[in-house]
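A closer look at the structure
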Amino acid sequence: MSKDFENLNTIIKEQKGVIDNLARHYNTLFEESKLGIAYLDKKGSFIDVNERFCKIFKYEKNELLNLSFQEVTHKDDRFHYNETIDSLLVTNYEKKCVRKDSRFIWIEVFINHISDKNGEYLYSIAFINDISKRKKIQDTILEQTKTMQLYLDIVDVIIVALDINGHVTLVNRKACEILGFEEYEIIGRNWFKNFLFEEDTLEIFEHFKKLCAKSIEFEDKFTNRIKCKIEERTISWRNKILLDSDKNVIGMLSSGEDITDILRLEEENKRTEEALYNQSKLASMGEMIRNIAHQWRQPLSTISTAASGLKIQKELNVLKDDDLTNSLGVIIDTTKYLSQTIDDFQNFFKIDKNSSIFDLYEFTSRINNLITSSYKSNNIELKIKVNSKVKFTGHYNEILQTTLNILNNAKDAFNNKSFDEKIVELTVDITKNNNLEIQIKDNAGGIPDDIIDRIFEPYFTTKHESLGTGIGLYMVKDIVENRLNGKVEFKNDLLEFNNITRKGAFFKLTIPSTLIGD
């Protein structure tokens, strides 16, 4: 019996040793844990807390044992997180708490509810970790993200980011505004399937995939249409490939400018300019017809005189063969001149689709033939100076038209001017840079200073409405600068002739050309 008692005592001692050992291990884990540990009753009051828990909240242990978890929870989170067994549904969460020194901290909480073998609740054990630094970093990142989003929303261009599959990962306010959708309706959707037209999708998406695969050279600019809630828009894009830390492509960031209205305005301006150009052609045609009328008067009079002379001589039976031959020769030569005038008229209105080769002397001779009669009838002397014996390539008829427009303007500038010595100088030359330079100067008094800046405006004219449309100089500038890539310059200048100096208009046209040589 005593031996059994000794064996039992030995077993008890061994079991007590095991229990004491487990208790020491438990106390070590409990007190030296890097996590805060607290035992709670069913009402959320502290039963026991470890040293780390006390350090996190800056309380003494005995102080915490007189408090509940709710009492150290920030008021903003008390309603959401109540650690009583009856109300706690979430067992892993983050919440804001208050330390003893009244400073706010963020903790991550994991709670496990302990029950006996019969399912009766015993206590809850909570593990907490101070995540204040992490939350501060997260808040900083969040603020930076908000700031970045604010910057993106302020800029007046579309910002869209896509992953490598074409799904939208970021949009700004302007993108939402243009597309007509809220941000949440755009994020996550496939850009190519949802916002491009079906006929454009395949080509653009394949191009996008090749760019992401780096199988083709990157293009940072392109333009395409997009589908919006209300209407289609045309966007001019600038793009940047997005890379991760290993230089792998993870998507594309694009900024886009809505150029729909610009394109519409350009189209409208193009139609307006075309109408003005056609109107200018009609005005030039009217001027040309008047020039032809001047040029034909003398030749027609010559033909009429020769024919009448032949008729009278025939009726009087005094017509000689030599007189007949001479008169018919005059008529034939004169009709050739009239025919050439018609050719000049037709050629003037041909559209130059391609450049042609011509020399300066032929060019100025054609101008002289087209305008000299109307100048003479208005007692205006046209002085032509050609300073280079070269040929060059250029749009002949357009250069001719602009020159004649300015010469006709110079002629009209002398209207109602009673002085003598009405002079217009036309100088044609090639510059050192092989550009064609045409200078036209008159002594008609010049342009008033208060309207100099307006002379190239469409429909602006100083003439009576019956004499001008106000599109001549506008078309000169448009043709030279937009079609011929040249430059038009104007100023009032002095012109001296026969010891008489008067102010007048001075135009200089500089037109790029290809020099051919003598």
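Described in the following lines is the structure provided in the data block. (Residues numbered from 1 in each chain as written. Predicted model: local features only at pLDDT ≥ 70, side-chain atom pairs only at ≥ 80, totals over all residues. Heavy atoms only, no water.)

A look at the nonpolar core
If you look at the biggest cluster of nonpolar residues, it comprises 45 residues, and the most contacted ones within it are Phe363, Leu407, Val424, Leu436 and Ile438. Elements with a contribution of two residues or more to this core: α12 (360-377), β12 (380-386), α13 (396-413), β14 (422-430), β15 (435-442), α14 (472-483), β16 (487-497) and β17 (500-512). Element by element, the count of residues in this core is highest for α13, at 7 residues. Discounting chain neighbours no more than four positions away, the residues touching Leu407 are Ile367, Ile371, Tyr375, Leu382, Val424, Leu426 and Ile440. Core analysis: the second largest hydrophobic core is formed by 26 residues, Val171, Ala175, Ile186 and Phe195 among them. (Core = buried A, V, L, I, M, F, W, Y, C linked by side-chain atoms within 4.5 Å. Buried < 20%, exposed > 50% of the residue type's maximum accessible area, 1.4 Å probe, protein only. Helix = DSSP H or I, 4+ residues; strand = E, 2+ residues; numbered from the N terminus. Contact = heavy atoms within 4.5 Å.)

A look at the environment of Asn435
The topology assignment puts Asn435 in strand β15. In this structure, the C-alpha to C-alpha distance between Asn435 and Gly486, residues 51 residues apart in sequence, is 9.0 Å. If sequence neighbours within four positions are ignored, Asn435 has contacts with Asp429, Ile430, Thr510, Ile511, Pro512 and Ser513.

Thoughts on the pattern of salt bridges
Opposite charge on two side chains permits them to pair, given that their charged atoms come into close proximity. The tally for this structure, following the rule as stated, stands at 25 salt bridges. Across the salt bridge formed by Arg134 and Glu94, the nearest N and O atoms sit 2.6 Å from each other. Note that Arg134 is positioned in helix α5 (residues 132-154) and Glu94 in strand β3 (residues 92-98), a separation of 40 residues in sequence. A salt bridge links Arg225 to Glu199, with the shortest nitrogen-to-oxygen separation between them at 3.0 Å. (Salt bridge = Lys/Arg side-chain N within 4 Å of Asp/Glu carboxyl O.)

Here we look at the sheet that holds strand β7 (residues 168-171)
The sheet built from 5 strands is open, its strands ordered β7-β6-β10-β9-β8 with antiparallel pairing. Of all the strands in the sheet, the pair left with one neighbour each is β7 and β8 (221-226). Taken over all neighbouring pairs, the strand axes of this sheet differ in orientation by 30 degrees on average, direction set aside. (Pairing = 2+ DSSP bridges. Axes fitted to C-alpha atoms, helices over the stretch in contact; angles between N-to-C directions.)

Points about the packing of aromatic side chains
Scanning the model with the defined rule gives 14 aromatic pairs in all. Each ring, one from Phe46 and one from Phe69, has its centre 5.4 Å from the other, and the planes form 45 degrees; the classification is tilted. Residue Phe46 is located in strand β2 (residues 46-49), and its partner Phe69 is located in the loop between α3 (61-64) and α4 (75-78); the two are separated by 23 residues in the primary sequence. The pair Phe46 / Phe69 is uniform in exposure class, with both members buried. Relative to Phe69, the ring of Phe53 lies with its centre 6.0 Å away and its plane at 70 degrees, an arrangement referred to as edge-to-face. Taken together, the residues span a long stretch of sequence, with Phe53 in helix α2 (residues 51-57) and Phe69 in the loop between α3 and α4 at a distance of 16 residues. You can call Phe69 buried: its relative accessible area is 0%. Feature note: the residues Phe46, Phe53, Phe57 and Phe69 constitute an aromatic cluster, connected by ring pairs. The positively charged end of Lys135 is found above the aromatic ring belonging to Trp106, 4.4 Å away from the centroid. (Phe/Tyr/Trp six-rings, centres within 6.5 Å; stacked < 30°, edge-to-face > 60°. Lys NZ or Arg CZ within 6 Å of the ring centre and 35° of its normal.)

Notes on the pairing of β7
Taken residue by residue, a regular strand's side chains alternate between the two faces of the sheet. Sheet analysis places strand β6 (residues 158-163) next to β7, joined by 3 bridges and oriented antiparallel. Counterpart to Ala161 in the pairing with β7 is Leu170. Count of turn residues in the β6/β7 antiparallel hairpin: 4 residues, of which Gly166 carries a positive phi of about 90 degrees.

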